[in-house]
Amino acid sequence: MSIYHNSARKIQKIQKFSTFLVSWVRFISANSNLRDVLAAKIPIEQERIKNFRKQHGSFKMGETTIDMMYGGMRGIKALVTETSVLDPEEGIRFRGLSISECQKALPSADCGEEPLPEGLFWLLVTGEVPTKPQVKQISHEWAARASLPQHVVTMLNNFPTTLHPMAQFSAAITALNHDSKFAKAYSQGVHKSKYWEYVYEDSMDLIAKLPVVAATIYCNTYRNGKGSIAIDSNLDWAANFVKMLGYDDPKFNELMRLYLTIHSDHEGGNVSAHTVHLVGSALSDPYLSFAAGMNALAGPLHGLANQEVMMWLRKLQEEIGEDPSKDELREYILKTLESGRLVPGYGHALLRKTDPRYICQREFALKHLPDDPLFRLVSMIYKVAPPILQNSGKINNPWPNVDAHSGVLLQYYGLKEINYYTILFGVSRALGVFSSLIWDRALGLPIERPKSLSTDMLMQMVQK
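Residues numbered from 1 in each chain as written. Predicted model: local features only at pLDDT ≥ 70, side-chain atom pairs only at ≥ 80, totals over all residues. Heavy atoms only, no water.

Selection rule: UniProt positions are given in the numbering used here, feature names are shortened, and annotations may be inferred rather than shown by experiment.
The protein appears in an unreviewed UniProt entry as Citrate synthase from Glossina fuscipes. The UniProt entry for the protein carries the following comment under Pathway (unreviewed entry): "Carbohydrate metabolism; tricarboxylic acid cycle; isocitrate from oxaloacetate: step 1/2."

Quick notes on a nonpolar patch on the surface
Quick reminder of the rule: Residues form patches when they are more than 30% accessible in relative terms and have no salt bridge. Like charges link within 9 Å. Nonpolar side chains (Val, Leu, Ile, Met, Phe, Trp, Tyr) link within 5 Å. Note on areas: Shrake-Rupley, 1.4 Å probe, and residue coverage restricted to the protein chains presented here. One side-chain nitrogen of Lys or Arg within 4 Å of one carboxyl oxygen of Asp or Glu is enough to make a salt bridge. Starting at the N terminus, helices and strands are each numbered in turn, a helix being any DSSP run of H or I of at least four residues and a strand any DSSP run of E of at least two. Think of it in three bands: with a 1.4 Å probe and only protein chains considered, a residue is buried below 20% of the maximum accessible area for its type, exposed above 50%, and partly exposed in between.
Together, Ile66, Met69, Tyr70, Leu453, Met457, Met461 and Val462 give the surface a local cluster of nonpolar side chains, amounting to about 650 Å² of exposed area. Of all the secondary structure elements, the ones that give two or more residues to the nonpolar patch are helix 3 (66–70) and helix 21 (455–463). Looking at where Ile66 falls in the secondary structure, it is placed in helix 3. Its relative accessible area of 35% is what places Ile66 among the partly exposed residues.

Considerations on the packing of aromatic side chains
The description of an aromatic ring pair rests on the distance of the ring centres and on the angle between the ring planes. The criterion, for reference: Any two of the Phe, Tyr and Trp rings considered here, Trp counted by its six-membered ring, make a pair once their centres fall within 6.5 Å; the pair's planes then place it as stacked at under 30 degrees, edge-to-face at over 60, or tilted in between.
Tallying each qualifying case throughout the model produces 15 aromatic pairs. An angle of 90 degrees between the planes, with centres 5.0 Å apart, marks the rings of Tyr412 and Tyr413 as edge-to-face.

Quick word on the pattern of salt bridges
Applying the stated criterion to the full structure yields 22 salt bridges. Between Arg145 and Glu141 there is a salt bridge, and its shortest N-O distance comes to 2.8 Å. The same class applies to Arg145 and to Glu141, which are both buried. Each of Arg35, Glu141, Arg145, Lys181, Lys194, Glu197, Glu201 and Asp205 takes part in one network of salt bridges that share partners.

Dropping the structure here:
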């Protein structure tokens, strides 16, 4: 009995101590900045995962099929990503919150309704909804970190305007690695328990600078170098970005806040997020890791898809007019499929319903631009395309994804340069991948190195 009572007392002490730690973290979360909140959370999460792995590390999640191996590893449960989870039927949840819940819970600008991306970053990093003062503190901190070193400005100003914006974006991010605090600390032999602190600093610096890099590319490529690339410390991250792009519509600020929020994260298995995680696992600094992720995002099967949608819509308008009937639209979609092409913006590797990111953009359009001709066309496609795609038998998900709508909204507010759209996606995606990268280093995740097999080996295994 004494052994039992001793064990029970130990468990009670552990429970009391855990309760104390949780209360302490909540106190810090309500009264401190983001870095302090993280510093308090990380030891607790390290211990939680350590104990979980110790008890259940040999638990099997399922079996991998040959089709999964040849099919881009789809469905293989092999990554841990805390920031967001994608359910095929429900859609994305950021730290447990749906997009609509984020729109309600996260702080907005004083003159707006849409969630501020700064608030989503706090949520992704900590798992907690921030207060409005905490979000404003992030806005001010990013404004203070936003200036670019002269060598990067000079490089951007010397790029030919014919170089794709994503190539310029990736090159500038790589060049910013010159000032990486993580790379410097690593070269000086910093202990691995401190890695996350320097990854955090690099992440905050780069997120702050990305709108300046992106706006410089826009002004150089599409405005003959004209524009005011200056940060206003009184504006939030998205509003500063819109201002540097040369627009002053408050509703465009609202759209950009929404856009940068909903494009930020989509689990860890998408190409750009996985690339940042993979390259970062080699302890490449956040600049090099993110540049690699942006090169992945630039592919037409990933972030370039929003550009593909607008090109398809423009071709559609050229061939059947700007206000086609449902029958004309149905005929054009069938013609697209019969030619061996896809209807861009429809289908998703994991989702089996209309993308919630599409829905919230549609709601924004219904509120602010219900009579826009291009929006009406996209709405009609939303009614006509899914049944055709479903009957074709060539697609598992006949519903629209995020790319089917984003370009329409940007076009309405005057941002018509479709080659630039993927950069907006990239600026947003930084919020998600850096949240994960900070935790990768905080938890000491190792270099990623899955085992690969040859076709001959697989055939021999099947025969046996």
